[in-house]
Amino acid sequence: MCLAIPGRITERYADGDLPMARIDYSGAVATACLSYTPEAQVGDYVLVHAGFALQVLDEAEAAASLRELTRLSALMEADDEGGAGA
Amino acid sequence: MKHLDEFRDPALARALVERLKRITTRPWTVMEVCGGQTHSILRHGIDQVLPEGLTLLHGPGCPVCVTPLETIDRAVAIAMQPGVILASFGDMLRVPGSHGSLLEARSRGADVRMVYSPLEAVTLARANPDREVVFLAIGFETTAPGNAMAASEAIDARLTNYSQLVSHVLVPPAMAAILDDEHVRVDAFLAAGHVCTITGWRLYEPISARYGVPIVVTGFEPVDILDGFMHAVELLEAGSPKVANRYGRAVQADGNPIAQAVIDRMYEVCGRKWRGIGVIPQSGLKLRPAYAAWDAEQKFDVGDITPQEPAECIAGQVLQGRLKPADCPAFGTKCTPQTPLGATMVSSEGACAAWYRYGRKSAT
Ligand code: SF4
């Protein structure tokens with residue numbers, strides 16, 4: 001029910017008074033309402049649930065999380081090698 | 001897809017599992033609130049690689065599972081009335097009511113439609129002015145913005161042949177109810193990431209402070225979930241009960257204020273019964289009284305509803321983390337996804353369905 005998936009906006013349009021977008025999910029295309037993410041632009045990734053974009057995904061935050069995790073992973077590996085030699 | 005694949009990296013996942021093992025020095029019990037996370041945990045076998053001292057509990061975060069049987073029975077009764085089109089989300093149509101599911105009502109002649117977006121039911125009402133379109137509006141905070149926008153579209157356009165049967169629930173009061181439950185011990189929560197995109201993470205600070213439990217806002221991919229467990233254990237080991245946001249790419253402190261404003265304009269907070277659990281105060285949303293004309297419960301008189309739960313189903317205990325699906329005598333025998341007795345075996349987010357699908361048999 002609360003499944004929400006990231007997709008990339010390829011086009012913005014209006015349906016009556018509702019701002020809408022065409023969204024590309026790795027090749028599958030669907031539409032979503034942008035009423036809750038009016039700032040979203042073509043090229044942005046949005047998190048879509050039941051036909052509504054709930055948030056624009058924050059690229060800088062995603063990159064920061066990954067950097068932190070990669071650093072942790074490298075530390076663990078270094079530890080392992082140290083442990084094997086001891 | 002970007003924002004998914006990077007968070008499925010096996011090397012990162014392995015490092016997180018290893019780190020979790022090293023930092024866990026005492027036994028801890030962590031509950032993942034969201035059924036989507038339960039599903040992801042079982043699918044990727046995360047439950048089988050966690051350190052021994054770390055006990056997982058599945059939470060009540062499956063909207064379809066907690067929708068009261070009365071609501072399903074009422075929806076079936078309304079759908080059977082002449083001239084009605086009843087629309088809802090796919091999972092909801094398959095949940096067994098006392099006298100069958102909505103899909104079974106369809107085979108008995110009712111006009112029941114599955115929608116992906118709640119706006120589709122508004123379109124149905126516009127296209128069928130001589131019919132009554134009833135939308136069964138259920139869900140958590142994640143789904144409330146769409147359902148509220150659909151209500152707003154229909155009501156602003158004075159669409160008199162549209163109404164909503166609203167059975168929305170709110171997550172934070174249910175977390176507090178679990179912490180108040182003397183039969184369950186929860187040391188920390190993984191908070192439901194997609195609920196938090198709307199509510200924001202700051203909303204959880206009062207619960208974290210009042211009960212002294214860490215609450216870690218967590219995403220849905222394997223690396224997200226392992227990272228959530230790692231931070232929960234770090235906070236527990238450090239004796240630091242606070243809220244941590246580990247789903248920063250999607251969740252902000254204050255959530256989505258535009259969505260919150262539309263929800264607040266259409267719906268108000270009310271007490272709500274959770275199936276198998278009971279009434280939790282201030283845990284639901286209903287249409288505001290000004291919109292009574294669009295409230296299907298008031299619009300359609302279907303007489304008294306007397307729901308009958310199947311006697312063997314212990315889904316209420318499962319949803320509260322008191323028992324595991326395999327503790328149920330009907331699990332995998334009388335109750336399977338093909339012949340579900342309870343909603344937790346129907347929904348793709350239900351714990352019973354996830355256990356069945358991924359072959360978990362014992363209550364370990
Ligand atoms: S296995 Fe079936 S009967 Fe048992 S608790 Fe789960 S849904 Fe209910």
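Keep in mind the model is a prediction, meaning the values are calculated, not measured.

**Points about the overall build of chain B**
At step 1: Helix and strand counts for chain B stand at 16 helices and 11 strands.
At step 2: Computed over its C-alpha atoms, the radius of gyration of chain B comes to 21 Å, within 12% of the 21 Å expected for a compact globule of 364 residues.
At step 3: Overall, chain B is about 65 × 45 × 40 Å in size when its C-alpha atoms are taken along their principal axes.
At step 4: Taken across its 364 residues, chain B has 62% of its residues classed as buried.
At step 5: Intrachain contacts of chain B at a sequence separation of at least 6 include 78% that bridge at least 24 residues.
At step 6: Approximately 13,800 Å² of chain B is accessible, and the part contributed by carbon and sulfur atoms is 51%.
At step 7: Separation between the mean location of the 35 positive side-chain charges and that of the 39 negative ones in chain B comes to 3 Å.

**A short note on the overall build of chain A**
At step 1: Counting secondary structure elements, chain A contains 1 helix and 5 strands.
At step 2: Of the regular secondary structure in chain A, the N- to C-terminal order runs β-β-β-β-β-α.
At step 3: Against the 2.2 N^0.38 benchmark of 12 Å for 86 residues, chain A shows a C-alpha radius of gyration of 19 Å, more extended than a compact globule.
At step 4: Taken over the C-alpha atoms alone, chain A extends approximately 70 × 25 × 20 Å along its principal axes.
At step 5: Relative to its full complement of 86 residues, chain A shows a buried share of 45%.
At step 6: Partitioning the contacts of chain A with sequence separation of at least 6, the portion at a separation of at least 24 is 29%.
At step 7: As displayed, chain A has an accessible area near 4,200 Å², and 53% of this comes from carbon and sulfur atoms.
At step 8: Taken together, the 5 basic and 14 acidic charged side chains of chain A have centroids lying 7 Å from each other.

**What to know about the site of the ligand**
At step 1: Neighbouring residues of the ligand: B:Cys313, B:Ile314, B:Ala315, B:Cys328, B:Phe331, B:Cys335, B:Leu341, B:Gly342, B:Thr344, B:Met345 and B:Cys352.
At step 2: Class assignment for the residues of the shell around the ligand results in 9 nonpolar, 2 polar and no charged.

**Observations regarding the packing of aromatic side chains**
At step 1: Counted according to the given criterion, the structure contains 5 aromatic pairs over all chains.
At step 2: Taking the centre distance of 5.8 Å and the plane angle of 35° together, the rings of A:Tyr36 and A:Phe52 count as tilted. Taken as a pair, A:Tyr36 in the loop between β3 (28–33) and β4 (45–49) and A:Phe52 in strand β5 (residues 52–56) lie far apart in primary sequence, 16 residues in all.
At step 3: Residue classification places A:Tyr36 among the buried residues on the basis of a relative accessible area of 2%.
At step 4: Over the ring of B:Trp201 we find B:Arg202, and its NZ or CZ is 5.7 Å from the ring centre.
At step 5: The aromatic ring of B:Phe7 is capped on one face by B:Arg249, whose charged end is 3.6 Å from the ring centroid.

**A word on the domain arrangement of chain B**
Residue and element names in this part refer to chain B.
At step 1: What the domain assignment lists for chain B is domain 1 (1–312) and domain 2 (315–357).
At step 2: The centre of domain 1, based on its C-alpha atoms, is set 17 Å off from the matching centre of domain 2.
At step 3: Tallying the contact residues gives 29 residues for domain 1 and 23 residues for domain 2.
At step 4: Broken down residue by residue, the surface that domain 1 buries against domain 2 is led by His-58, Cys-65 and Glu-312, which jointly contribute 24%.
At step 5: Counting every contact that joins domain 1 to domain 2 gives 2 salt bridges.
At step 6: One salt bridge in this structure joins Asp-181 and Arg-322, with 2.9 Å as the shortest N-O distance.
At step 7: There are 8 residue pairs in polar contact (both at pLDDT 80 or more) connecting domain 1 and domain 2.
At step 8: Its residues assigned to classes, the side of domain 1 that touches domain 2 shows 15 nonpolar, 9 polar and 5 charged.

**Let's talk about the side chain of B:Thr143**
At step 1: Inspection of the secondary structure assignment puts B:Thr143 in the loop between β5 (132–139) and α8 (144–156).
At step 2: One polar contact links B:Thr143 to A:His49, side chain to side chain, over a distance of 2.8 Å.

**Quick word on the interface of chain B and chain A**
At step 1: Facing the 49 residues of chain B at the interface are 41 residues of chain A.
At step 2: Each partner contributes to the roughly 3,800 Å² buried at the junction of chain B and chain A, and carbon and sulfur atoms together form 66% of this total.
At step 3: With its nearest N and O atoms 3.0 Å apart, the salt bridge here joins A:Glu68 to B:Arg246.
At step 4: Linking chain B with chain A are 10 residue pairs in polar contact (both at pLDDT 80 or more).
At step 5: Take the side of chain B that touches chain A: its biggest share by element is 7 residues, from helix α1 (residues 10–23) of chain B.
At step 6: Split into classes, the residues belonging to the side of chain B that touches chain A amount to 26 nonpolar, 13 polar and 10 charged.

**Section: the pattern of salt bridges**
Residue and element names in this part refer to chain B.
At step 1: Taken as a whole, this structure holds 25 salt bridges over all chains when the rule is applied.
At step 2: With a shortest N-O distance of 3.9 Å, Asp-5 and Arg-8 are connected by a salt bridge.
At step 3: Take Asp-5: its relative accessible area is 44%, and that puts it in the partly exposed class.
At step 4: With a closest N to O distance of 2.6 Å, Glu-221 and Arg-8 form a salt bridge. Here the residue Glu-221 occupies a position in the loop between β8 (215–218) and α12 (222–237), and Arg-8 occupies one in the segment before α1, the gap between them amounting to 213 residues.

The rules behind the values
Residues numbered from 1 in each chain as written. Chains lettered and ligands numbered in written order. Predicted model: local features only at pLDDT ≥ 70, side-chain atom pairs only at ≥ 80, totals over all residues. Heavy atoms only, no water. Helix = DSSP H or I, 4+ residues; strand = E, 2+ residues; numbered from the N terminus. Rg over C-alpha atoms; globule rule 2.2 N^0.38 Å. Buried < 20%, exposed > 50% of the residue type's maximum accessible area, 1.4 Å probe, protein only. Contact = heavy atoms within 4.5 Å. Areas by Shrake-Rupley, 256 points an atom, 1.4 Å probe, with all protein chains shown as cover. Lys, Arg positive; Asp, Glu negative; His and termini not counted. Charge placed at Lys NZ, Arg CZ, Asp CG, Glu CD. Near = heavy atom within 4 Å. Nonpolar A, V, L, I, M, F, W, Y, C, P; charged D, E, K, R; others polar. Phe/Tyr/Trp six-rings, centres within 6.5 Å; stacked < 30°, edge-to-face > 60°. Lys NZ or Arg CZ within 6 Å of the ring centre and 35° of its normal. Domains from an automatic or database assignment. Buried area = accessible area lost by both parts, 1.4 Å probe. Salt bridge = Lys/Arg side-chain N within 4 Å of Asp/Glu carboxyl O. Polar contact = N/O pair within 3.5 Å; in protein donor to acceptor, adjacent residues only side chain to side chain.

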